[in-house]
Amino acid sequence: QVQLVESGGGLVQAGGSLRLSCQVSGLTFSSYAMGWFRQAPGKEREFVAAITSGGSTYYADSVKGRFTISRDNAKNTVYLQMNALKPEDTAVYYCNAVIGRGPAYNYWGQGTQVTVSS
């Protein structure tokens, strides 16, 4: 049973920073590409960033240059450092294993709320 536990969200002013964490269990973490997705109110969930098992990273154009994804295989944890936050980054953020820019599992954790005030 895959378990995904996101944390680190909060309320921040525009231009601020947050660091999200996702603790993963139930899969061989180091073998999977991992990613972050987000869902804003009234919108579909969208891809944000991903990191391969080898450490290569790729991002949605909307966050490139502002967000950085990383992983710690010893802790089965994936991170998302978010800088220069904008109000349009407001969403619930989720992690998952990824295939390309889509989720590998049709299962989601509770997510973590990020709210950016203007």
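Residues numbered from 1 in each chain as written. Predicted model: local features only at pLDDT ≥ 70, side-chain atom pairs only at ≥ 80, totals over all residues. Heavy atoms only, no water.

**Q** Hey, could you go over the overall build of the protein chain for me, with residue numbers and the actual values?
**A** Per the secondary structure count, the protein chain includes 0 helices and 11 strands. Counting from the amino terminus, helix and strand elements in the protein chain follow one another as β-β-β-β-β-β-β-β-β-β-β. Over its C-alpha atoms the protein chain spans a radius of gyration of 13 Å, differing by no more than 12% from the 13 Å that the globule rule assigns to 118 residues. Based on the C-alpha atoms only, the size of the protein chain along its principal axes is roughly 40 × 25 × 25 Å. The 118 residues of the protein chain split such that 46% are buried. Counting every atom, the protein chain has about 5,900 Å² of accessible surface; 47% of that belongs to carbon and sulfur. Taking the average location of the 10 positive side-chain charges in the protein chain and that of its 7 negative ones, the two points are 4 Å from each other. (Helix = DSSP H or I, 4+ residues; strand = E, 2+ residues; numbered from the N terminus. Rg over C-alpha atoms; globule rule 2.2 N^0.38 Å. Buried < 20%, exposed > 50% of the residue type's maximum accessible area, 1.4 Å probe, protein only. Areas by Shrake-Rupley, 256 points an atom, 1.4 Å probe, with all protein chains shown as cover. Lys, Arg positive; Asp, Glu negative; His and termini not counted. Charge placed at Lys NZ, Arg CZ, Asp CG, Glu CD.)

**Q** Can you break down unusual backbone geometry residue by residue, with the values?
**A** For Asn 76, which is not a glycine, the phi torsion comes out positive at approximately 50 degrees. With respect to the secondary-structure elements, Asn 76 resides in the loop between β7 (67-72) and β8 (77-82). A residue is classified by how much of its surface remains accessible, and Asn 76, at 25% relative accessible area, is partly exposed. A positive phi is found at Ala 84, a non-glycine position, where the angle reads about 50 degrees. Counting through the fold element by element, Ala 84 comes out in the loop between β8 and β9 (91-99). On the basis of relative accessibility, which here comes to 38%, the residue Ala 84 falls in the partly exposed class.

**Q** Talk me through the pattern of salt bridges; I want residue IDs and the actual numbers.
**A** Pairing between side chains of opposite charge can happen when their charged atoms approach one another. In total, this model carries 4 salt bridges according to the counting rule given. The salt bridge involving Glu 46 is made with Arg 38; its shortest N-O contact spans 2.7 Å. Residue Glu 46 is classed as partly exposed on the basis of its relative accessible area of 37%. (Salt bridge = Lys/Arg side-chain N within 4 Å of Asp/Glu carboxyl O.)

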